[in-house]
Amino acid sequence: GDLGFVAVGFSGGQPKDGVDAGPAALIDSGLLHEIRHELGYRIHGDTDVHLYRDLVPASDPDYRGMKNPLTVSAVNRELASQVYQHASQGRLVLTLGGDHSIAIGTLAGSARAARERLGRDIAVIWVDAHADINTPEISDSGNIHGMPVAFASGLARDDKDEYFGWIQDDMRVSVKKLVYIGLRDVDQGEKKILREHGIKAFSMFDVDRHGIGRVMEMALAHIGTDTPIHLSFDVDALDPMWAPSTGTPVRGGLTLREGDYICEFVHQTGQLVAIDLVEVNPSLATTEAGALETIRAGCSLVRCALGETLL
Ligand code: DIR
Ligand code: MN
Ligand code: MN
Ligand code: MN
């Protein structure tokens with residue numbers, strides 16, 4: 001198959017340094033080599049990590065409580081067009097982050113391309129300990145990596161282009177076709193949004209109750225079997241036992257095997273159009289081994305989403 005590749009070394013959606021080095025760490029551990037030579041994909045797009053330094057303004061004051069709003073908006077606007085270009089050529093798009101704010105751009109690009117090319121709305125499977133659906137007004141932190149689903153779906157909007165006003169109707173995703181898996185640290189205001197919009201969410205309680213196999217069947221039943229799927233995977237969905245080197249680890253998460261299963265299952269639908277793998281921060285583990293484990297876990301998730309472990 002043809003794979004569109006984008007590596008985004010970006011950390012402006014949250015306060016901790018180091019997540020910008022995530023893509024390089026994943027690439028250095030051999031991920032692209034495996035994708036090319038073991039999985040047999042043709043990789044398109046440049047395999048350098050994009051830092052988008054030229055897009056960072058001299059001054060970027062808080063706006064509506066958001067931190068680094070001009071920077072995050074500008075980087076995502078550029079990223080949306082890169083993802084769109086890959087997707088509109090029929091490539092499966094793999095984006096390596098970076099913090100999760102980059103999903104504003106990846107979702108915008110893949111939503112627009114799917115509408116244009118396939119005449120379809122994309123479904124989003126968001127695998128995360130967190131819901132990332134804060135609007136600027138309800139966010140406690142002001143960190144935009146806690147807001148991407150709100151902007152991508154239009155629950156949060158701004159009419160100024162430089163503050164995400166560039167997100168047009170055909171770039172938006174519907175909360176009706178959104179499914180969460182792995183949630184266990186959701187803010188009060190976010191819970192209210194999930195409830196009021198009837199958003200489908202499988203928390204760790206549901207994973208324990210039904211098992212990951214049944215959860216994936218229910219997730220697919222919700223979005224429908226013939227819908228293009230964008231998988232956005234925050235590595236902090238995994239238990240810190242498997243992925244300690246991430247900005248906001250939360251105990252009681254998915255096992256590596258459950259994470260891999262989600263990716264395998266989504267691959268097997270044949271409907272996967274885009275994958276994001278985000279929040280790998282190699283500098284946060286307390287031990288070198290912790291960083292390596294997290295990178296290994298991230299590579300495993302990507303390989304599973306690309307079909308490696310299926311016979
Ligand atoms: C929190 C944390 N809900 C926030 N979000 C994180 O800042 O909005 N997302 N860590 O991955
Ligand atoms: Mn998270
Ligand atoms: Mn909070
Ligand atoms: Mn996230």
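Since this is a predicted model, take the numbers as computed values, not measurements. (Residues numbered from 1 in each chain as written. Chains lettered and ligands numbered in written order. Predicted model: local features only at pLDDT ≥ 70, side-chain atom pairs only at ≥ 80, totals over all residues. Heavy atoms only, no water.)

Asks: Explain the overall build of the protein to me, please; I cannot follow it from the model alone.
Replies: From N to C terminus, the protein includes 10 helices and nine strands. Against the 2.2 N^0.38 benchmark of 19 Å for 311 residues, the protein shows a C-alpha radius of gyration of 17 Å, consistent with a compact globule. Dimensions of the protein, computed from the C-alpha atoms along their principal axes, are close to 50 × 45 × 40 Å. The contacts in the protein between residues at least 6 apart in sequence include a share of 75% that link residues at least 24 apart. As displayed, the protein has an accessible area near 12500 Å², and 48% of this comes from carbon and sulfur atoms. Side-chain charges of the protein comprise 28 positive and 44 negative groups, with the mean position of each set lying 6 Å from the other. (Helix = DSSP H or I, 4+ residues; strand = E, 2+ residues; numbered from the N terminus. Rg over C-alpha atoms; globule rule 2.2 N^0.38 Å. Contact = heavy atoms within 4.5 Å. Areas by Shrake-Rupley, 256 points an atom, 1.4 Å probe, with all protein chains shown as cover. Lys, Arg positive; Asp, Glu negative; His and termini not counted. Charge placed at Lys NZ, Arg CZ, Asp CG, Glu CD.)

Asks: Is there a simple way to explain the coordination of the manganese ion (ligand 2) in this structure?
Replies: The expected angle between donors at a tetrahedral four-coordinate metal is 109.5 degrees. At an octahedral six-coordinate metal it is 90 or 180 degrees. For the manganese ion (ligand 2), the full set of protein donor atoms is Asp128 (OD), His130 (ND1), Asp234 (OD), Asp236 (OD) and Asp236 (OD), and the range of their distances to it is 2.1 to 2.5 Å. Between the donor residues of the manganese ion (ligand 2), the gaps in sequence give the motif D-x1-H-x103-D-x1-D. The distance between the manganese ion (ligand 2) and the manganese ion (ligand 4) comes to 3.3 Å, with aspartate 128 serving as a donor to both metals. Each member of the pair, aspartate 234 together with aspartate 236, is buried. (Donors = N, O, S within 2.8 Å, 3.2 Å for Na, K, Ca; no water. Buried < 20%, exposed > 50% of the residue type's maximum accessible area, 1.4 Å probe, protein only.)

Asks: Would you mind going over the environment of leucine 306 with me for this structure?
Replies: One can find leucine 306 in the segment after helix H10 (288-305). Not counting residues within four places of it along the chain, the set of residues in contact with leucine 306 comprises Leu3, Ile35, Leu39, Tyr41, Leu92, His267 and Ile275.

Asks: Looking at this structure, how should I read helix H6 (residues 188-196)?
Replies: For an α-helix, the turn length of 3.6 residues means that residues three or four places apart are oriented alike. Of the residues making up H6, those classed as buried are Glu190, Ile193 and Leu194. Each buried residue of H6 sits inside an arc of 100° when the element is viewed along its axis, so together they form one side. Structural note: H6 exposes Gln188, Arg195 and Glu196 on the side pointing more than 90 degrees away from its buried face. Residues of H6 that are buried in the fold lie against strand S6 (178-183). Phi for glycine 198, located one or two positions after H6, is positive at around 55°. (Arc of directions from axis to C-beta.)

Asks: Would you mind showing me how to read the packing of aromatic side chains here?
Replies: For any pair of aromatic rings, geometry is given as the distance between the ring centres together with the angle between the planes. Counted by the stated rule, this structure contains three aromatic pairs. Plain terms: the ring middles of tyrosine 63 and tyrosine 163 are 3.7 Å apart, the flat faces sit at 10° to each other, and that makes the pair stacked. Residue tyrosine 63 is found in the loop between strand S3 (49-50) and helix H3 (69-88), and its partner tyrosine 163 is found in the loop between helix H5 (148-153) and S6; the two are separated by 100 residues along the sequence. With respect to burial, tyrosine 63 and tyrosine 163 carry one shared label: buried. A centroid spacing of 6.1 Å and a plane angle of 35° characterise the contact between tyrosine 261 and phenylalanine 265, whose relative ring orientation is tilted. One end of the pair, tyrosine 261, and the other, phenylalanine 265, are both in helix H9 (residues 256-268), four residues apart, so they sit about a helical turn from each other. (Phe/Tyr/Trp six-rings, centres within 6.5 Å; stacked < 30°, edge-to-face > 60°.)

Asks: Just checking my understanding: could you explain the site of ligand 1 for this structure?
Replies: Taken together, His130, Asp132, Asn134, Ser141, His145, Gly146, Asp187, Glu190, Asp234, Asp236 and Thr248 form the complete shell of residues around ligand 1. Note that an oxygen atom of ligand 1 is positioned 2.9 Å from one of the side-chain N or O atoms of asparagine 134. Contacts to ligand 1 include aspartate 187, whose side-chain N or O atom sits 2.9 Å from a nitrogen atom. In the complex, the protein chains occlude 91% of the 320 Å² of accessible area that ligand 1 would expose alone. Taken together, the residues of the shell around ligand 1 sort by class into no nonpolar, six polar and five charged. (Near = heavy atom within 4 Å. Polar contact = N/O pair within 3.5 Å; in protein donor to acceptor, adjacent residues only side chain to side chain. Nonpolar A, V, L, I, M, F, W, Y, C, P; charged D, E, K, R; others polar.)

Asks: Would you mind showing me how to read the environment of methionine 66 here?
Replies: Structurally, the position occupied by methionine 66 is in the loop between S3 and H3. Under the relative-accessibility criterion, methionine 66 is labelled buried at 0%. Along the sequence, methionine 66 and threonine 227 sit 161 residues apart, while their C-alpha atoms lie 33 Å from each other. For methionine 66, the residues in contact, after removing those within four places along its chain, are Pro136, Gly142, Ile144, Met147, Phe151 and Phe164.

Asks: Whenever I open this one, the pattern of salt bridges confuses me. Can you help?
Replies: A side chain with one charge can pair with a side chain of the opposite charge if their charged atoms come near. In this structure the tally under the stated criterion is 14 salt bridges. We note a salt bridge from arginine 172 to aspartate 169, for which the minimum N-O separation is 2.6 Å. In this structure, glutamate 264 and arginine 257 form a salt bridge, with 2.7 Å as the shortest nitrogen-oxygen distance. Looking at glutamate 264, the relative accessible area reads 8%, which means it is buried. Of the residues examined, arginine 257 reaches a relative accessible area of 46% and is grouped as partly exposed. Connected through salt bridges with shared partners, the residues Glu34, Arg303 and Glu308 form a single ionic network. (Salt bridge = Lys/Arg side-chain N within 4 Å of Asp/Glu carboxyl O.)

Asks: Mind showing me how you'd approach the confidence of the model for the protein here?
Replies: Segments scoring low in pLDDT should not have their predicted coordinates read at a detailed level. Confidence in the prediction of the protein, expressed as mean pLDDT, is 97, and 100% of residues score 70 or more. The ipTM value of the predicted complex is 0.93, and its pTM value is 0.98. (pLDDT = per-residue confidence, 0-100.)

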